[in-house]
Amino acid sequence: MSSKTSEAREPIFCPPDLTQRPLQLTVDRTMTASPSILFRAWTEQLDRWFAAPGAVLMTPEVNTPFFWETHFEGQRHPHYGRFLRLEPDTLVELTWVTGAGGTKGAETVVTVELSPSGSGTHLKLTHAGFPDEESRNRHEQAWPEVLKQLDLA
């Protein structure tokens, strides 16, 4: 038996294949904060505006898994994912997996595009890959409220 040295390998990077789940939504909003503040809010400060305080395990690195949870109407809502693309102050793209009341276990993709607009930022959020219309519709109702919370943070 020969001994082989093990070589360090790059982690496998596989964005989700959404071809069988074409349902998506887009929300546009003009935000009062700058693109840099909003980028940090999505990558480093989720528990200041969205997640339950202290319930975030996240490192803003591409392909690194993360977890956080929200509390809504007396229920815990765990969220899992990984960053797919990070372009400072411009773009955050991540996978988004939640349970029965959300994506029903499907790995969806949230893309947040940030561009300067006057003294604030134009934010375009696209959420793609929903397993069914019920899931998309729930998120279509929720995202404007979530972005409103972010704008008030």
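Cut-offs applied
Residues numbered from 1 in each chain as written. Predicted model: local features only at pLDDT ≥ 70, side-chain atom pairs only at ≥ 80, totals over all residues. Heavy atoms only, no water. Helix = DSSP H or I, 4+ residues; strand = E, 2+ residues; numbered from the N terminus. Buried < 20%, exposed > 50% of the residue type's maximum accessible area, 1.4 Å probe, protein only. Contact = heavy atoms within 4.5 Å. Lys, Arg positive; Asp, Glu negative; His and termini not counted. Charge placed at Lys NZ, Arg CZ, Asp CG, Glu CD. Axes fitted to C-alpha atoms, helices over the stretch in contact; angles between N-to-C directions. Left-handed = near helix turned anticlockwise from the far one by under 90°. Salt bridge = Lys/Arg side-chain N within 4 Å of Asp/Glu carboxyl O. Pairing = 2+ DSSP bridges.

(A) Just the overall build of the protein, in detail. In terms of helices and strands, the protein carries two helices and seven strands. Going residue by residue from the N terminus, the α and β elements of the protein occur as β-α-β-β-β-β-β-β-α. With the C-alpha coordinates aligned to their principal axes, the bounding extent of the protein is approximately 65 × 35 × 30 Å. Going through the 153 residues of the protein one by one, you find that 41% of them count as buried. Sequence separation of 24 or more characterises 51% of the internal contacts of the protein that already satisfy a separation of 6 or more. The distance from the centre of the 14 positive side-chain charges to the centre of the 20 negative ones in the protein is 2 Å.

(B) Representation of the side chain of T98. Along the polypeptide, T98 turns up in the loop between β5 (91-96) and β6 (108-117). Those residues within four positions of T98 in sequence are excluded, and the remaining contacts are P78, H79, T103, K104 and G105.

(C) Spatial organisation of the packing of helix α1 (residues 35-43) against helix α2 (residues 133-152). Relative to each other, α1 and α2 sit at 115°, their axes nearing to 12 Å. Pair α1 / α2 crosses with right-handed handedness. Along the contact surface, α1 presents L38, A41 and W42, while α2 presents W143, L147 and L150.

(D) The arrangement of the pattern of salt bridges in detail. With the rule as written, the count across this model stands at six salt bridges. The residue E69 makes a salt bridge to R76 at a minimum N-O spacing of 2.5 Å. With relative accessibility at 10%, the residue E69 sits in the buried group. In this structure, E107 and R82 form a salt bridge, with 3.3 Å as the shortest nitrogen-oxygen distance.

(E) Just the sheet that holds β6, in detail. Judged by pairing direction, the sheet is antiparallel, and its seven strands sit side by side in the order β1-β7-β6-β5-β4-β3-β2 without closing on themselves. Unpaired on one side and paired on the other, β1 (23-31) and β2 (56-57) mark the two borders of the sheet. Here β6 pairs with strand β7 (residues 120-130) via nine bridges, running antiparallel. Paired with S117 across the strands is G120, a residue of β7. Here α1 sits on the sheet and contacts β1, β4 (75-87), β5, β6 and β7; the angle it forms with β6, its principal contact strand, is near 160°. Contacting β1, β5, β6 and β7, α2 crosses the sheet at an angle of about 15° to β1.

(F) View of α1. Taken residue by residue, α1 has P35, L38, F39, A41, W42 and T43 as its buried positions. Looking at the buried positions of α1, the neighbouring elements they touch are β1, β4, β5, β6, β7 and α2.

(G) Representation of unusual backbone geometry within the structure. Located in the positive-phi region is N63, a residue other than glycine, with phi close to 70°. By secondary structure assignment, the location of N63 is in the loop between β2 and β3 (65-72). The backbone of E73 sits at a positive phi, close to 50°, despite the residue not being glycine. Counting through the fold element by element, E73 comes out in the loop between β3 and β4.

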